[in-house]
Amino acid sequence: MDKWALVKATMLMGQVSRHEASTILRQVETLVGTPAPELKPESQPIHRATQVGITPIVQPIIAPVAYPTPAKLPTMAAFIKWYFKTRQGDRNFNDKTRILTSIALRRLLSFVGDVPLPEITPRSLEAWKNALSDSDSPRSPGKKLSSATVNTYLRNIRAAFGYAGRVEELATFGVDELWLKRLNRARYIKVQETGPKAFSPEEIHAVWKAFALAAESDPTMQIAWEMATVSILTAGRLGSIVRLMVKDVALSDEGAVVTFRNAKGGKTYSVPGGRDLRAILIKVLNGRQTPEAYLWPSPKHPDRSWEAGNISKKVGRLCKRAGVEKGHFHSLRHTAITRALEANGGDLRAVQELAAHSNISTTAGYLSTFRENVIRAGRGLDNMLPK
């Protein structure tokens, strides 16, 4: 077979134009030293090897370039495994949070499937949230999951993905900060409430009396009482209070300042207090000066903080014994915020800073309780005039 026929077949099977084939043949001519035959113009593009006198070839002689395929991205199951392995031993990741996050992530996995993280979108998160709202509670078959529980699951999902962003591991799973911001657009279910539960002065007196009785026989109740006192004087959350260290307390002659680090939403903020706060903190510190020491260390593991779930349950039971309905530890924070609104005449901005609310509308939700107290105070003016 003529070598030029082979060259022409090679060029033509690559679906090149006649001009391009002629140019290549001239280049080959200079290499082999033999004149190249002329390519005759055709009415249609030359694409058959039979036109140069050889048997047609099914596959082109010049193989196409094989581009490398992108590496397979880790899936949702791989993310869950990485997350719990990474957070093992994390002081800020207590047992209750671990359990709730595990339930939330595995429920999301069963809904969306074992897909890469880029396939999880705000729309899929909204669909999962709506499906949860229609599902039954595992503890009470036939009863739907409460909106508060669904919001807790959604909050833990956001926290898990947000943690990957803080430790700069999002790229490992094929996503970025923009993906995280978009995912945070999935809204919480609006929970219809009459207002946060705040203790009345009579209820506070009853609860504090119950604390005093319980603390005589239960050392844990003494610790719970101290935490409750700090909470009602600073509007602090239980999760932030149990993690307080010696370095987070600053005492002065007129009062004290408490700094809550890595609070809800990763915030760090300070709350000033008066002489009552100073007195309880001096009692708790008991002369300790080690900056990294917890104010309330775990009895089994001194290098860890006290378990918040244990304190929460004890305070909830104590409120029932004191005759306070629907009272729990977080009610102390609600009480502090409501009293702060009363003291400031309803100044939302000042109380927003005290409570560390991201949105002022959250602070405004306490105005319903504030108005109830104003109405109650107004009615207390009855029967002042002589009949």
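Look up: the structure comes first, before these words.
All of these numbers come straight from a predicted model, not from anything done at the bench.

Asker: Please set out the overall build of the protein residue by residue, giving values where relevant.
Answerer: Looking only at helices and strands, one finds 16 helices and 3 strands in the protein. Within the span of the protein, comprising 387 residues, buried residues form 38% of the whole. Taking the intrachain contacts of the protein between residues at least 6 apart in sequence as the baseline, contacts between residues at least 24 apart amount to 62%. Within the structure as shown, the protein displays about 23200 Å² of accessible surface, and the carbon and sulfur contribution to it stands at 54%.

Asker: I'd like a rundown of the sheet that holds strand E1 (residues 249–251), residues and numbers included.
Answerer: Pairing is antiparallel in the open sheet, where 3 strands are placed in the order E1-E2-E3. A strand with exactly one partner marks an edge of an open sheet, and here the two such strands are E1 and strand E3 (269–273). The average angle at which neighbouring strand axes cross in this sheet is 15 degrees, direction not considered. Two strands pair when backbone bridges link them, and E1 and strand E2 (residues 256–260) are joined in this way by 3 bridges, in the antiparallel orientation. For Leu251, the partnering residue across the bridge sits in E2 and is Ala256. Docked against the sheet, helix H11 (residues 275–285) engages E1, E2 and E3, running at close to 120 degrees with respect to E1.

Asker: Got a sec to walk through unusual backbone geometry? Specific residues and values, please.
Answerer: The residue Ala235 is not glycine, and still its phi comes out positive at about 60 degrees. Here Ala235 shows up in the loop between helix H9 (219–234) and helix H10 (238–241). Phi is positive for Asn262, close to 50 degrees, though the residue is something other than glycine.

Asker: Can you tell me about the pairing of E2, naming the residues and giving the values?
Answerer: By the criterion of burial, E2 is predominantly enclosed, with 4 of the 5 residues buried. Between E1 and the antiparallel strand that follows it, E2, lie 4 residues. Sheet topology places E2 next to E3; 5 bridges connect them, and they run antiparallel. Of the residues in E3, the one forming a bridge with Phe260 is Tyr269.

Asker: Give a description of the nonpolar core that names residues and reports values.
Answerer: Ranked by internal contacts, the top residues of the largest apolar core, which has 41 residues, are Met227, Leu281, Leu295, Trp296, Ile311 and Phe329. Those elements giving two or more residues to this core turn out to be helix H8 (201–215), H9, H10, E2, E3, H11 and helix H12 (308–321). Sort the elements by how many residues they give to this core and H9 lands first, with 7 residues. Setting aside residues no more than four positions away along its own chain, Phe329 makes contact with Ala224, Met227, Ala228, Ser231, Leu238, Ile241, Ile311 and Val315. Within the second largest apolar cluster, 32 residues are counted, among which are Met76, Val150, Leu154 and Trp179.

Asker: I'd like a rundown of the pattern of salt bridges, residues and numbers included.
Answerer: Proximity of charged atoms lets side chains of opposite charge pair with each other. Scanning all chains against the criterion turns up 9 salt bridges. The residue Arg275 makes a salt bridge to Glu254 at a minimum N-O spacing of 3.2 Å. With a gap of 21 residues between them, Arg275 in helix H11 and Glu254 in the loop between E1 and E2 connect regions that are remote in the sequence.

Asker: For helix H3 (residues 76–86), give the residues involved together with the corresponding values.
Answerer: Those residues of H3 not exposed but buried are Met76, Phe79, Ile80, Trp82, Tyr83 and Phe84. If you follow the buried residues of H3, they end up packed against helix H4 (95–112) and helix H6 (147–166).

About the cut-offs
Residues numbered from 1 in each chain as written. Predicted model: local features only at pLDDT ≥ 70, side-chain atom pairs only at ≥ 80, totals over all residues. Heavy atoms only, no water. Helix = DSSP H or I, 4+ residues; strand = E, 2+ residues; numbered from the N terminus. Buried < 20%, exposed > 50% of the residue type's maximum accessible area, 1.4 Å probe, protein only. Contact = heavy atoms within 4.5 Å. Areas by Shrake-Rupley, 256 points an atom, 1.4 Å probe, with all protein chains shown as cover. Pairing = 2+ DSSP bridges. Axes fitted to C-alpha atoms, helices over the stretch in contact; angles between N-to-C directions. Core = buried A, V, L, I, M, F, W, Y, C linked by side-chain atoms within 4.5 Å. Salt bridge = Lys/Arg side-chain N within 4 Å of Asp/Glu carboxyl O.

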